[in-house]
Amino acid sequence: MPEDLTPATTTSGALPRRGLVIYPNEPAPQAVELARSADALGYSNVWFGDSQNNWREVASLMGATAVSTQSVIIGTGVTNAVTRHPSVFASMWATVAELSEGRAAVGIGTGFTALGTIGHKPISLGALETRISEFRELIGGRSVVEETTKAEYRLDYLTDRPRNVPVYIAASGPSALRMAGRVGDGVILLLGTATEFITEALGHVREGAEQAGRTLADIDVVLWSEIAIGDDPTEARDRVRGPIARLVMRWLPMTLPERIVPAIEHLRTYAPEYEGDYYGHKVAKPEHAKEVPDEVVDMFALAGTTEEIEGRLAEISAAGVNQVAVVPAYGTTREQRMATVRAFAAIGQGTR
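Just so you know, these numbers come straight off a predicted model, no measurement behind them.

The rules behind each value
Residues numbered from 1 in each chain as written. Predicted model: local features only at pLDDT ≥ 70, side-chain atom pairs only at ≥ 80, totals over all residues. Heavy atoms only, no water. Helix = DSSP H or I, 4+ residues; strand = E, 2+ residues; numbered from the N terminus. Rg over C-alpha atoms; globule rule 2.2 N^0.38 Å. Buried < 20%, exposed > 50% of the residue type's maximum accessible area, 1.4 Å probe, protein only. Contact = heavy atoms within 4.5 Å. Areas by Shrake-Rupley, 256 points an atom, 1.4 Å probe, with all protein chains shown as cover. Lys, Arg positive; Asp, Glu negative; His and termini not counted. Charge placed at Lys NZ, Arg CZ, Asp CG, Glu CD. Salt bridge = Lys/Arg side-chain N within 4 Å of Asp/Glu carboxyl O. Phe/Tyr/Trp six-rings, centres within 6.5 Å; stacked < 30°, edge-to-face > 60°.

Scanning the protein from N- to C-terminus turns up 13 helices and 11 strands. Taking 2.2 N^0.38 as the reference for a compact globule, 352 residues should give roughly 20 Å; the C-alpha atoms of the protein span a radius of gyration of 19 Å, in line with that estimate. Put simply, the protein has 352 residues, and 56% of those count as buried. Sequence separation of 24 or more characterises 75% of the internal contacts of the protein that already satisfy a separation of 6 or more. Here the protein displays about 14600 Å² of accessible surface, and carbon together with sulfur accounts for 51% of that area. Computed over 33 positive and 44 negative side-chain charges, the inter-centroid distance for the protein is 2 Å.

If you want it as structure tokens, here you go:
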């Protein structure tokens, strides 16, 4: 197995690679067990949520997963550059990469819940870009200067064995998408599943890439999505209405089709009820969730029968996505989530 990984791309005409997002709101052994199941089922990536006051501690989970899996790439979905000092952050990733023999990928953003629960605002894109640059210096065995003390430091154990852990930038707005194109090894799209949203977003990523003398082909494109699969398409959609209600209540940077604007504007009238609540932020109240129409579900999630999901994956791949990383209907039972993980792995494999 190679020590370091470089972004892989989807073969033309193939379905995207499969990734699994695990928000560790259950006991740590169960979260690791779910990651091991994804490894055994052939998922390419496992992304652990990192919000220290909401979920179990991510470095411990990644370490346990690293030594108990064979091929899955282990990352954060997503971390931030504030709650850990840059030296701690880099050393954490160097250790995960060592334990996994190179199967590590940093998923990072400006921060939301992890910072919100301790009274901090998300950091600026400029500050994030600086932290990413420092991380690459440290993980490569080189020195950086500490921001406050001006002391020069390095990870001493990497000076003769540098690492190259890819960095995936989570983005939804144009500026963040352009930054991902300019400096990221990959981008994590947080904006729904409609192909028009993906196309618009990748236009910004391409613009950023070209600013840095790169092309879109240099960037691994990962799409995040809630998912529910079942023989009853209505029941499957019902399982994701809660998370989608919360998603559309927030700022949406993409151009919305006029036909769904009234429904979203209505859902946003409930947004003040959730302001400042960084705990349990993923799911709307049942009375709000039931007001999400099917068309909005289908533009922001993957929900339906296996045949419907397979068709959607083909469209998403054609739009330029290399990996679809799914959240198995956050808030549902463990049994339902595990069934979804198995069903998603089987799509396109000739197994149902």
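Now, onward.
Here we come to the pattern of salt bridges. Evaluated as defined, the whole model comprises 21 salt bridges. Between aspartate 220 and arginine 17 there is a salt bridge, and its shortest N-O distance comes to 2.8 Å. Taken as a pair, aspartate 220 in strand S9 (residues 220–229) and arginine 17 in strand S1 (residues 17–22) lie far apart in primary sequence, 203 residues in all. By relative accessible area, which is 1% here, aspartate 220 ends up buried. With a closest N to O distance of 3.0 Å, arginine 334 and glutamate 26 form a salt bridge.

Per the stated rule, a full pass over the model turns up seven aromatic pairs. Residues tyrosine 43 and phenylalanine 344 carry aromatic rings whose centres are separated by 6.2 Å and whose planes lie at 45° to one another, so their mutual orientation is tilted. On the criterion of sequence distance, the pair formed by tyrosine 43 in the loop between helix H1 (28–41) and strand S2 (45–48) and phenylalanine 344 in helix H13 (residues 334–346) is long-range, its members being 301 residues apart. Taken as a pair, tyrosine 43 and phenylalanine 344 share a single burial class, namely buried. Relative to tyrosine 168, the ring of tryptophan 47 has its centre 5.3 Å away and its plane inclined at 70°; by these criteria the two rings are edge-to-face. One end of the pair, tryptophan 47, is in strand S2; the other, tyrosine 168, is in strand S7 (residues 167–171), with 121 residues separating them in the sequence.

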